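Below are the chains, spelled out letter by letter.
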Amino acid sequence: MEFGGESGGEIVRTVGLEATMADGVVLVADAWCPVTGGPWPVLLQRLPYGRSVASTPVLPHPAWFARHGYAVIVQDCRGRGDSTGAFAPFVDEAADGAASIEWAARLGFCDGRVATYGFSYQGLAQLYAAAEHPPSLRAIAPMMCCPDPYEGWTYEGGLLRWPFACFWAAQLQGQQHRTGPVPFDTGAVPISGALGQHPPAWFGEWLAHPGDDEYWAVRRPDLDAVSVPAFTVMGWFDDFSSGTATLIMRLRAEAWCGPWAHMPWGTRHGGFEFGPEASPAPVWDALVAFFDRAFDRPPAPVGGDERPAGGVNYFVLGDGWRQASTWPPPRTIVSMTGSSATGNANSRWGDGMLVADSDCHPNVPTTLVSEPRFAHPGDPVAFQDDAPAQDRRDVACFTTAPASAHIDITGSPVVRVVTTCDRPRHDMVATLSIVDPDGTARTITGYAQRLLEPVAEGNETSWAIQLRPIAVRVRPDQQLRLSLSGARFPCYDRNAQTSTHDVETTASDQAVATIVIRSVELDLPVAIASAHSPPA
């Protein structure tokens, strides 16, 4: 094929490059290259959303990378855009990705070296390919990406990430038919009907496998097989943040971590503005600097700024940027205990306290009711004021006294709860918020778990719930509040709380659960510099 195309300034775009896979499927891509010079290292992005989009709602356009001295290829995944074949999430990215890397390395404008980049599914696709050890691969940049299609992607602790699962399936199905997202109903009962009468087969498969079974195991990339340098971006308010933290730790990835959601990467959340210092703008120069180092190239002279160093740069809410060698940074664990003098920790107006010395504060168990038909409401809104939800008495709240000095939480808090219940199954949803003097309770992190196997009535269940990673400063005039509930809908799917709960469960199958919270502990990862001043 002749390498020519539409020129845009000093960049030339070539449309419709074709890569043939071993089974005859043809994957279609576009390329952006500098007009002069070459051959160049290639930056490859593979995505299911259309190669012309190229993830530009959050990432720089391919032409921007080309102006930094790279050839950039953006390819439609199998069965998406102009590529042939059938698309099934998580299934073909390993073989297709590895083959596409070697195909790109053989193109006339490539110097034989390839790196990959992209966020979200485009990040997961890179992990599949990198685990195959394609010889021409030099580096990967999977940003805001969960490396596990089950835990942290489709499910959290056994709870279905319901709005995400519905929206993503509707988006993929709509793009397949070039119609835009198809209608979906998160309130559908049974949930198998959320996408109408003819959902994609893989959507039904997700719902039919609520446990981490062999279906998910064969779709999980092998992180231990990834041996090339990695760069990532973690957003405190991204639903994939726990997975991204895993990437940083497992791959020893260079990372930037800031107060950003999945899309767009902005600085305003829950009506609160974190300011220009929290901008993701430094990420792009850091990413190019990472590629320059991976390819052993001198930094491209663009902008005249000194390139950022490696390591982990993270933004502490309320304080600003810091740097560490890895995530989480050095910390100590400060343990706190939930206490209720009368068994009335229900709502933020109850007597639930978080205390450092449990011996001085005996605890009486608190009883909650979880009603699936009128479940505790909640959407995954970043940094939202959760105080209105905490007014409900189907929520248990445990609140510290104001801190004696500021403390910096840097890592993933862990909530340990012991419960009994009159139903064989129930959920436990944990949310940590910072309470301002005016009563505003802004959510900073949370997570959930579900009993997937029935438990006999009255038997104790011990929960250990690792919350999403966060870096935040708690001021002396602020308090921490841990809230616990048996549901959070539509953030998670409804739990029928019966031994027969499944995708075909109807409203008449749902049962009210009475949950007794017998003990509560919170382990806070506190930065060493502020570990001397935990909340009282």
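Every chain begins its residue count from 1, and numbering advances along the sequence as written. Local features in this predicted model are restricted to residues of pLDDT 70 or higher, and side-chain atom pairs are both shown and tallied only at a pLDDT of 80 or more, whereas totals for entire chains, interfaces and linings draw on every residue. By convention in this description, side-chain values take in all heavy atoms of the structure and omit both hydrogens and water.

## Remarks on helix α7 (residues 241-251)
Stated formally: Residue exposure (1.4 Å probe, protein chains only): buried if accessible area is under 20% of the type maximum, exposed if over 50%, otherwise partly exposed. Helix and strand definitions here come from DSSP, where helices need a minimum of 4 consecutive H or I residues and strands a minimum of 2 consecutive E residues; each element is numbered from the N-terminal end. The contact rule is simple, with two residues in contact once any of their heavy atoms fall within 4.5 Å.
Most of α7 is tucked away, with eight of its 11 residues classed as buried. For α7, the set of buried residues is S241, S242, G243, T244, A245, L247, I248 and L251. Those residues of α7 that are buried are in contact with α3 (121-130), β7 (137-143), β10 (231-237), β11 (254-261), β14 (312-316) and β24 (441-450).

## Focus on helix α2 (residues 93-106)
Let me state the cut-off plainly: To estimate how far a helix should extend, the number of its residues minus one is multiplied by 1.5 Å.
With 14 residues, α2 extends 20 Å from end C-alpha to end C-alpha; this agrees with the ideal 20 Å at 1.5 Å per step. Counting buried positions along α2 yields 11 of 14 residues, so the element is predominantly enclosed. When we look at burial in α2, the residues that qualify are E93, A94, D96, G97, A98, S100, I101, E102, W103, A104 and A105.

## Describing the nonpolar core
This is how the line gets drawn: Throughout, nonpolar core names a set of buried Ala, Val, Leu, Ile, Met, Phe, Trp, Tyr and Cys residues whose side chains join them through atoms within 4.5 Å.
Residues I73, F109, F231, W265 and F291 are the most contacted members of the largest nonpolar core, which totals 104 residues. Setting aside its immediate chain neighbours within four residues, F291 contacts L43, Y70, A115, T116, Y117 and A141.

## Here's the deal with the pairing of strand β29 (residues 513-527)
The following threshold applies: A strand pair is defined by DSSP finding two or more bridges across the two strands.
Most of β29 sits out of view: 11 of its 15 residues are buried. Where strand β16 (residues 331-339) meets β29, seven bridges bridge the pair, whose relative direction is antiparallel. From the neighbouring strand, V334 faces β29, where its bridge partner is L524. Bridge count for strand β22 (residues 414-421) against β29 is eight bridges, and the pairing is antiparallel. By the bridge assignment, V417 is partnered in β29 with V520.

## So, the environment of A230
Checked against the element boundaries, A230 lands in the loop between α6 (214-217) and β10. For A230, a relative accessible area of 5% translates into the label buried. Measuring from C-alpha to C-alpha, the distance between A230 and A115 comes to 9.8 Å, with 115 residues separating the pair along the chain. Aside from chain neighbours lying at most four places away, what touches A230 is I140, L251, A253, E254 and F290.

## Observations concerning the pattern of salt bridges
Stated formally: The salt bridge criterion pairs a side-chain nitrogen of Lys or Arg with a carboxyl oxygen of Asp or Glu, the two atoms within 4 Å.
All told, the structure shown has 32 salt bridges when counted by the stated rule. Between R46 and E93 there is a salt bridge; the shortest N-O distance is 2.9 Å. On the criterion of sequence distance, the pair formed by R46 in strand β4 (residues 40-47) and E93 in helix α2 is long-range, its members being 47 residues apart. Accessibility assignment for this pair places R46 and E93 in one class, buried. In this structure, the salt-bridge partner of E273 is R268, at a minimum N-O distance of 3.7 Å. Given a relative accessible area of 34%, E273 falls into the partly exposed group. Its relative accessible area of 54% is what places R268 among the exposed residues. A single salt-bridge network, built from bridges that share partners, covers R13, D30, R51, D76 and D82.

## Things to note about the sheet that holds β11
For clarity, the threshold we go by: Interaxial angles span 0 to 180 degrees and are taken between N-to-C directions of axes, which are lines fitted to C-alpha atoms, for helices over the stretch in contact.
Strands sit in the order β10-β11-β14-β15 across an open sheet of four strands; the sheet is mixed. With one partner strand each, in any of the chains shown, β10 and β15 (320-324) form the two edges of the open sheet. Ignoring strand direction, the axes of neighbouring strands in this sheet form an average angle of 30°. Pairing of β11 with β14 involves three bridges; the strand directions are parallel.

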